[in-house]
Amino acid sequence: MTVKVEEGYVPFHGYQTYYRIVGECEQGRLPLLALHGGPGSAHYYITSLDGIAEKYGRSVIYYDQLSCGKSQTPPLPELWSAELFEDELKTVRRELGLDYVHLWGQSWGGMLAMQYMTHRPAGIASLTVASAPASLDLWLEEANRLRGYLPQDMQEALIQADEDGDYERPEVKRASDEYYRRHVCMTPDEEEDPKLKRPEPDPVGKECYHFMQGMSEFVVTGKLSGWDITDDLHKICVPTLVTSGEADECTPYIAKQVVDRIEGSEWVLFRGGSHCVHSEQPEKYNAVVEEFLERHE
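For the structure given in this document, a descriptive report is provided here. As the structure is a computational prediction, the values presented were derived from the model and not from experiment.

Regarding the pattern of salt bridges
For step 1, the next point in the chain: Summed over the entire model, instances satisfying the criterion amount to 24 salt bridges.
For step 2, the next point in the chain: Between K195 and D50 there is a salt bridge whose closest N-O contact spans 3.1 Å. Of this pair, K195 sits in the loop between α6 (170-183) and α7 (203-212) while D50 sits in helix α1 (residues 50-56), and the two are 145 residues apart along the sequence.
For step 3, the next point in the chain: A salt bridge links K235 to D232; the nearest nitrogen and oxygen atoms lie 3.3 Å apart.
For step 4, the next point in the chain: Classification of K235 by relative accessible area gives partly exposed; the value is 30%.
For step 5, the next point in the chain: If you follow the salt bridges from partner to partner, you end up with E26, R29, R58, E290, E294 and E297 in one network.

Okay, structure coming up:
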């Protein structure tokens, strides 16, 4: 099914934030605003949500967070922060007239969405948190636990890289690739839908990730170090769906921490899925999300 696609930019902090709107809302349906991960990634890898627009008659809105994807800027270490990206979310809603929407966020996008919702903004019909933690310290504990299931030589290579900062050694890349294959995205590169892939290198986006997170999945050395909104989750008072994959680096322990602290929230654990279960099982995933959205509008 072919649907309408609208692209454009909204002004933000003297730069331009790219947006993409897929489909149109049939009567009675609200748009879904989707936040990508990173920080420093882009919207491409979550466009499996286009299936919601194509099959269910609901518009899906994406945007590239500042400094990545099509929202290109020079490096902005003086600006990059969780607060900046929350301000950008507010700006996108205002500039696009998104007075009443559903909100969906994956990984860092889910962290950002939860942080935003603890401030109780108006006009959010529901929240979907896709494979996202409320505490980066817990995230690291679980990442290091998962790393412990890798072959011993791979564990040692990753630990050594975190100690000496050399992530370019072949054995480090092999170990990292194996961790990603197990817990981040199980779809082989050659089988992945081309539209989900970043079309060109994004050095500033990568620099943003390193500034905010660090160089590794197992040590957070960037500005997000210590990020934790666990004690604020009770402030989220909209219907909330938590999704995660069975082999996700967002482990059931991490997901349960979120579910336990958001009153009335629901949790769907996808068997055979990882951190990118939304794109690994797109039809099943989109159907689960759509059913939840329809119950809360």
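There is more to say, and it comes next.
Considerations on the packing of helix α2 (residues 82-96) against helix α3 (residues 108-117)
For step 1, the next point in the chain: Between α2 and α3, the least distance of the axes is 10 Å, while the angle of their chain directions is 75°. Compared by their axis directions, α2 and α3 come out roughly perpendicular. Listed contacts from α3 to A82, E83, F85, E86, L89, K90 and R93 of α2 are W108, L112, Q115 and Y116.
For step 2, the next point in the chain: Taken together, the residues that form the contact of α2 with α3 break down as six nonpolar, one polar and four charged.

A closer look at the packing of aromatic side chains
For step 1, the next point in the chain: Tallied over the full model, the rule gives six aromatic pairs.
For step 2, the next point in the chain: With centroids separated by 4.9 Å and ring planes inclined at 75°, the aromatic side chains of Y179 and F218 adopt a geometry described as edge-to-face. Residue Y179 is located in helix α6, and its partner F218 is located in the loop between α7 and β7 (240-245); the two are separated by 39 residues in the primary sequence.
For step 3, the next point in the chain: With a centroid separation of 5.2 Å and 35° between ring planes, the pair formed by F270 and Y285 is classed as tilted.

As for the pairing of strand β1 (residues 5-12)
For step 1, the next point in the chain: Across eight bridges, β1 lies against strand β2 (residues 15-22) in antiparallel orientation. Bridge pairing in β2 places V5 opposite V22.
For step 2, the next point in the chain: Hairpin connection between β1 and β2: a loop of two residues separates the two successive antiparallel strands, and H13 in this loop has a positive phi of roughly 55°.

Let's talk about the sheet that holds strand β3 (residues 32-35)
For step 1, the next point in the chain: Strand order in the open sheet formed by eight strands is β1-β2-β4-β3-β5-β6-β7-β8, and the pairing between neighbours is mixed. Edge positions in the sheet fall to β1 and β8 (266-270), since each has one partner strand and no second. Averaged over all neighbouring strand pairs, the angle between strand axes comes to 20°, with direction disregarded.
For step 2, the next point in the chain: Alignment of strand β5 (residues 101-106) against strand β6 (residues 124-130), held across six bridges, turns out to be parallel.

Some words on the layout of surface pockets
For step 1, the next point in the chain: In this structure, the second largest pocket occupies an estimated 250 Å³ of space.
For step 2, the next point in the chain: Every residue lining the second largest pocket is counted, 15 residues in all, and those nearest its centre are S48, G51, P282, E283 and N286.
For step 3, the next point in the chain: Broken down by secondary-structure element, the contributors of at least two residues to the lining of the second largest pocket are α1 and α10 (282-294).
For step 4, the next point in the chain: Among the elements that take part in the lining of the second largest pocket, α1 stands out by supplying four residues, more than any other.
For step 5, the next point in the chain: Counted by class, the lining of the second largest pocket contains three nonpolar, five polar and seven charged residues.

Quick notes on the side chain of T243
For step 1, the next point in the chain: Checked against the element boundaries, T243 lands in strand β7.
For step 2, the next point in the chain: Judged by relative accessible area, which is 1%, T243 ranks as buried.
For step 3, the next point in the chain: In terms of polar contacts, T243 uses its side chain to reach the side chain of Y285, at 2.8 Å.
For step 4, the next point in the chain: Not counting chain neighbours up to four residues away, the residues in contact with T243 comprise T128, V129, A130, S131, V268, F270 and Y285.

How each quantity is defined
Residues numbered from 1 in each chain as written. Predicted model: local features only at pLDDT ≥ 70, side-chain atom pairs only at ≥ 80, totals over all residues. Heavy atoms only, no water. Salt bridge = Lys/Arg side-chain N within 4 Å of Asp/Glu carboxyl O. Helix = DSSP H or I, 4+ residues; strand = E, 2+ residues; numbered from the N terminus. Buried < 20%, exposed > 50% of the residue type's maximum accessible area, 1.4 Å probe, protein only. Axes fitted to C-alpha atoms, helices over the stretch in contact; angles between N-to-C directions. Parallel < 35°, antiparallel > 145°, perpendicular 65-115°, else oblique. Contact = heavy atoms within 4.5 Å. Nonpolar A, V, L, I, M, F, W, Y, C, P; charged D, E, K, R; others polar. Phe/Tyr/Trp six-rings, centres within 6.5 Å; stacked < 30°, edge-to-face > 60°. Pairing = 2+ DSSP bridges. 1 Å grid on protein atoms, 1.4 Å probe; cavity = no way out; pocket = protein on both sides within 12 Å on 5 of 7 lines; lining within 4 Å. Points joined across faces, edges and corners; volume = space filled by probe spheres on them. Polar contact = N/O pair within 3.5 Å; in protein donor to acceptor, adjacent residues only side chain to side chain.

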